[in-house]
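# Structure at a glance
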Amino acid sequence: VLLALLPFGAGPAQAQYDPAREYDFKAAYLYKFALLTQWAPAAFADTNAPFVIGILGSDPWRGDLPKKVRASVKDRRLVVKQCASADEAKQCHLLFISKSEKDRLAQVLEQLKETNIFTVVESERTTETDAVINLYVDNSLKFTLNEDAAERARLTMGSELKEAATKRFRKKKT
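Attention in this report is confined to the structure presented alongside it. These numbers come from a predicted model, not from an experiment.

Our focus in this paragraph is the overall build of the protein chain. The secondary structure content of the protein chain amounts to seven helices and 10 strands. Per-residue burial for the protein chain yields a buried fraction of 49% across its 174 residues. Counted over contacts in the protein chain with a minimum sequence separation of 6, partners at least 24 positions apart contribute 61%. About 8900 Å² of surface is accessible on the protein chain, with carbon and sulfur atoms providing 48% of the total.

What follows concerns the environment of Ala28. With respect to the element layout, Ala28 can be found in helix H2 (residues 22-35). As a C-alpha pair, Ala28 and Leu65 span 37 residues in sequence and 9.6 Å in three-dimensional space.

Quick look at H2 now. Each α-helix turn comprises 3.6 residues. Residues three or four places apart therefore point the same way. End to end, H2 covers 20 Å across 14 residues, agreeing with the expected 20 Å (1.5 Å per residue, within 8%). Those residues of H2 not exposed but buried are Glu22, Asp24, Phe25, Lys26, Ala27, Ala28, Tyr29, Leu30, Tyr31, Lys32, Phe33 and Ala34.

Moving on: the packing of aromatic side chains. According to the stated counting rule, one finds nine aromatic pairs in the structure shown. Judged by centre distance (5.1 Å) and plane angle (75°), the ring pair of Phe33 and Phe143 falls under edge-to-face. Here Phe33 is found in helix H2, whereas its partner Phe143 is found in strand E8 (residues 141-146), with 110 residues between them in sequence. With respect to burial, Phe33 and Phe143 carry one shared label: buried. One aromatic cluster is present, formed by Tyr29, Phe33, Trp39, Phe44, Phe51, Phe118 and Phe143 through successive ring pairs. For the cation-ring pair, Arg76 lies above Phe44, with the distance from its terminal atom to the ring centre recorded as 3.7 Å.

The next point concerns the nonpolar core. Ranked by size, the top nonpolar core spans 37 residues in total, and within it Phe33, Phe118 and Ile133 carry the most contacts. Contributions of two or more residues to this core are made by H2, strand E2 (51-56), strand E5 (94-97), strand E6 (118-122), strand E7 (133-137), E8, helix H6 (147-152) and strand E9 (155-157). At seven residues, H2 tops the list of elements feeding residues into this core. Those residues in contact with Phe118, other than ones at most four positions away along the chain, are Phe33, Thr37, Trp39, His93, Leu94, Leu95, Val132, Ile133, Leu155, Met157 and Leu161. Judged by nonpolar contacts, the second largest core, of 15 residues, contains Leu56, Ala89, Leu95 and Val121.

Another point: the pattern of salt bridges. One pass over the full model with this rule turns up 14 salt bridges. A salt bridge links Glu160 to Lys32; its shortest N-O distance comes to 3.7 Å. Separated by 128 residues along the polypeptide, Glu160 in helix H7 (residues 159-164) and Lys32 in helix H2 bring together distant segments of the chain. For Glu160, a relative accessible area of 34% translates into the label partly exposed. Between Glu147 and Arg168 there is a salt bridge, and its shortest N-O distance comes to 2.8 Å. With Glu147 in helix H6 and Arg168 in strand E10 (residues 167-169), the pair connects residues that are 21 residues apart, well separated along the chain.

The next subject is the state of the cysteines. Scanning all chains against the criterion turns up zero disulfides. For Cys83, which is in no disulfide, the shortest distance to another cysteine sulfur is to Cys92 and amounts to 3.7 Å.

In this section: the pairing of E5. Residues Leu94 and Phe96 of E5 are buried on one face, and the alternating residues Leu95 and Ile97, pointing to the opposite face, are buried as well. Taken together, the four bridges between E2 and E5 define a ladder with parallel strand orientation. Across the sheet, Ile53 pairs through a bridge with Leu94, a residue of E5. Sheet topology places E5 next to E6; four bridges connect them, and they run parallel. The residue bridging Leu94 from the neighbouring strand is Phe118, located in E6. Once you follow E5 into helix H5 (residues 105-111) and on to E6, the crossover reads as right-handed.

Scoring rules and cut-offs
Residues numbered from 1 in each chain as written. Predicted model: local features only at pLDDT ≥ 70, side-chain atom pairs only at ≥ 80, totals over all residues. Heavy atoms only, no water. Helix = DSSP H or I, 4+ residues; strand = E, 2+ residues; numbered from the N terminus. Buried < 20%, exposed > 50% of the residue type's maximum accessible area, 1.4 Å probe, protein only. Contact = heavy atoms within 4.5 Å. Areas by Shrake-Rupley, 256 points an atom, 1.4 Å probe, with all protein chains shown as cover. Expected span 1.5 Å × (residues − 1). Phe/Tyr/Trp six-rings, centres within 6.5 Å; stacked < 30°, edge-to-face > 60°. Lys NZ or Arg CZ within 6 Å of the ring centre and 35° of its normal. Core = buried A, V, L, I, M, F, W, Y, C linked by side-chain atoms within 4.5 Å. Salt bridge = Lys/Arg side-chain N within 4 Å of Asp/Glu carboxyl O. Disulfide = S-S within 2.5 Å. Pairing = 2+ DSSP bridges. Right-handed = clockwise from strand over helix to strand, strands pointing away.

Function cannot be inferred from these measures alone, as they are strictly geometric.
Structural data, given as structure tokens:
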């Protein structure tokens with residue numbers, strides 16, 4: 001739970017980055033993304049609806065993600081859900097798409113394009129995908145922010161999140 005409180009940038013999370021604990025850091029980032037983002041009210045069924053983090057593909061935390069973050073996000077109970085498909089993931093607010101889904105990543109992102117889902121992918125390169133965030137490792141954990149994808153999902157990002165992104169971009173219009 002302590003990792004969820006670490007800041008982005010050159011703070012303790014970066015100074016003490018340990019590749020063996022990569023997914024502890026990714027869990028902390030997911031939680032921080034949730035805290036620093038506003039969802040449209042329509043993204044929740046009602047005021048008591050939980051905040052749902054989904055995992056699509058293999059679960060690198062082996063079911064332990066709830067133990068690595070706090071039990072709530074902005075006064076909403078946190079639920080972690082393993083998703084078998086993009087359709088099932090449509091019930092989530094924040095979706096972590098595992099490396100195991102790389103062969104069908106474009107298809108999954110296309111299926112989720114018109115939803116209120118904050119999509120997070122992990123890539124070995126800083127590729128510009130249609131996900132909101134791409135997490136990657138380059139001596140430390142870093143991320144790129146696709147501002148078009150965030151707007152499309154009707155997400156409002158906090159300034160700390162925007163400033164911490166290694167790169168912010170918009171997809172070229174075709």
